[in-house]
Amino acid sequence: MENADAILPLVLGVVVSVLSVLGLVSSDLVASAILAAVGVLSFALLRDRWTDQSRGMEARRTAEETGVVLDEVRTRLPVIGTLDQTMDSLRSAIEGLTTVRTLKGVDIDRAFLNARRHTDRWLFKGGTGTYTRAVTLPVCVRSARMERRALLVRLEIVDPTDSALCEQYARYRASLAAGPDGTGDTWSTDRTRKESFATVLAACWYQQHYRLLDIGVGLASTMSTFRFDLSASHIIITQDDSRFPATAIARTSPLYDAYANELRTSFTQTRHVPVADAAHFPLSDTPTRAELRDLFSHLHVTLPDEYGDEDLDQIIEKALRAKNPYVDPDTLEDGSDGL
C-alpha cells in the first residue's frame, strides 16, 4: 500500500491509546509508542521530500534534453523544407501522370458520364455530332435546367451543304463498319447530310426551349477522324469506331488548356450558323416541315432541292429523338448512355 507509512503510526497510536485508557499498558509503553509513531511519520516526510527533489531533477534533465533536440531540429529546418519541396514536386509529377488516361470499353462510358456531371460547358469537334445530339446535349441541358444554371455549348460538325465532304466522310465511316450501327442505319452520303442537318435543328430547338443555353454551331470544311469532347472537368478524345481506345485528360493537366485553345481556334475557322437568330422562328415541341424549311432558309443552311416531306421528317426525328449510334438498342436497358 502506498500510504502504509502513514496508516501504521495512526493505527499504533489508536491501539496504544485505547489500551492506556483501559489500564492495560503502562505510561512508559505509551510514551515509547508515541515516539515510534513520530519517527515513522518523520521518515515518511523525509522520503517524500527526497522523492520530490528527485522528480524535479528528472524533470529539469528531461527539459534540458528536449531543448537539445529542439535545437537540433531547428538547425535542420532548411533541409526539412527542401525535402518537403521535393516531395511536393514528386507528388505533382505522379498526379500529372494520372491526369491522362487511356480508356477502353465501359471505361469510355464512365468517362463521358463523369464529364457530363454538373458541367457548365461542352465543346465538340468531330463528324456529324450524332452521339452528342443523342446523349450529351439532352443530358447536359436537363442537368443545367434542374440546377438552374447557364450552359455553354459549341459544336463543330461537317458542313451538310458540302456534298463532296459528306461523301468523303460517309466513305470513311462505311470503311470502318459496313453494317448498321446503333441507329439501325448504315453510313451513306445522304445519312451524313441528314445527321448534320439534324444537329443544327437540335441546337436551335434546345436554345428556344432553355433560355440559359448559349449554343453555337460551326460547319467545318474538312473532316476529322477524331472526336473531341470537352467539359468543365475533362476532355475526351475518341475515334469514330468505339472499338479503338480513347484518351481522357483531366482539367488539372496542362494538356487540357492546350486542347481547349485548339478547339476554340478551330471553331473560329468554321462557318458559323446564326443559331441566336433562330429565336425569330419559333419551333413547336415537334417542329413542322414548314417550320423546318423556314428556319433553314433563314440560317442560310440550304436544304437540298430534292428533299421531300419524308426527308424532312427524318431530320426532325434525328434531331429530337436521336438514337445512340454506339449501342445495340436491343441489348441495353432504356436510359443507358453507352458509347
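Residues numbered from 1 in each chain as written. Predicted model: local features only at pLDDT ≥ 70, side-chain atom pairs only at ≥ 80, totals over all residues. Heavy atoms only, no water.

(A) Representation of the overall build of the protein chain. Counting its regular elements, the protein chain contains nine helices and eight strands. Taking all 339 residues of the protein chain together, 39% fall into the buried category. For the protein chain, the proportion of contacts with a sequence separation of at least 24, taken over those separated by at least 6, is 73%. Surface accessibility of the protein chain: about 19,400 Å² in total, with carbon and sulfur atoms responsible for 58%. (Helix = DSSP H or I, 4+ residues; strand = E, 2+ residues; numbered from the N terminus. Buried < 20%, exposed > 50% of the residue type's maximum accessible area, 1.4 Å probe, protein only. Contact = heavy atoms within 4.5 Å. Areas by Shrake-Rupley, 256 points an atom, 1.4 Å probe, with all protein chains shown as cover.)

(B) Structural context of the pairing of strand β6 (residues 234-239). Of all six residues that make up β6, five are buried, and the element is covered over most of its length. Hairpin connection between strand β5 (residues 226-230) and β6: a loop of three residues separates the two successive antiparallel strands. Two strands pair when backbone bridges link them, and β6 and strand β7 (residues 246-250) are joined in this way by four bridges, in the antiparallel orientation. The residue bridging Ile-237 from the neighbouring strand is Thr-247, located in β7. (Pairing = 2+ DSSP bridges.)

(C) Geometry of the sheet that holds β7. Spatially, eight strands are ordered β1-β7-β6-β5-β2-β3-β4-β8 in an open sheet, and the strand pairing comes out mixed. Looking at which strands have only one partner, the edges of the open sheet turn out to be β1 (100-103) and β8 (271-273). Within the sheet, the average angular offset between the axes of one strand and its neighbour, ignoring direction, is 15 degrees. Where strand β4 (residues 213-220) and β8 come together, three bridges link them in antiparallel fashion. Bridging across to β8, Leu-219 finds its partner in Arg-271. Packing against the sheet, helix α3 (residues 106-116) makes contact with β1, β2 (121-125), β5, β6 and β7, and its axis sits at approximately 145 degrees to β6. (Axes fitted to C-alpha atoms, helices over the stretch in contact; angles between N-to-C directions.)

(D) Main features of the side chain of Arg-116. Within the secondary structure, Arg-116 is located in helix α3. Looking at Arg-116, the relative accessible area reads 3%, which means it is buried. Here the side chain of Arg-116 touches Tyr-131 through a polar contact of 3.3 Å, side chain to side chain. (Polar contact = N/O pair within 3.5 Å; in protein donor to acceptor, adjacent residues only side chain to side chain.)

(E) Spotlight on the pattern of salt bridges. Inspection of every chain in the model, using the stated rule, returns 17 salt bridges. Glu-195 is the partner of Arg-133 in a salt bridge, and the nearest nitrogen-oxygen pair spans 2.3 Å. One end of the pair, Arg-133, is in helix α4 (residues 130-147); the other, Glu-195, is in helix α6 (residues 189-209), with 62 residues separating them in the sequence. The salt bridge involving Asp-214 is made with Arg-154; its shortest N-O contact spans 3.5 Å. Linking Asp-214 in strand β4 with Arg-154 in strand β3 (residues 151-158), this pair joins segments that are 60 residues apart in sequence. Given the relative accessible area of 39%, Asp-214 is considered partly exposed. Through salt bridges that share partners, Arg-133, Asp-181, Asp-185, Arg-191, Glu-195 and Lys-318 make up one connected network. (Salt bridge = Lys/Arg side-chain N within 4 Å of Asp/Glu carboxyl O.)

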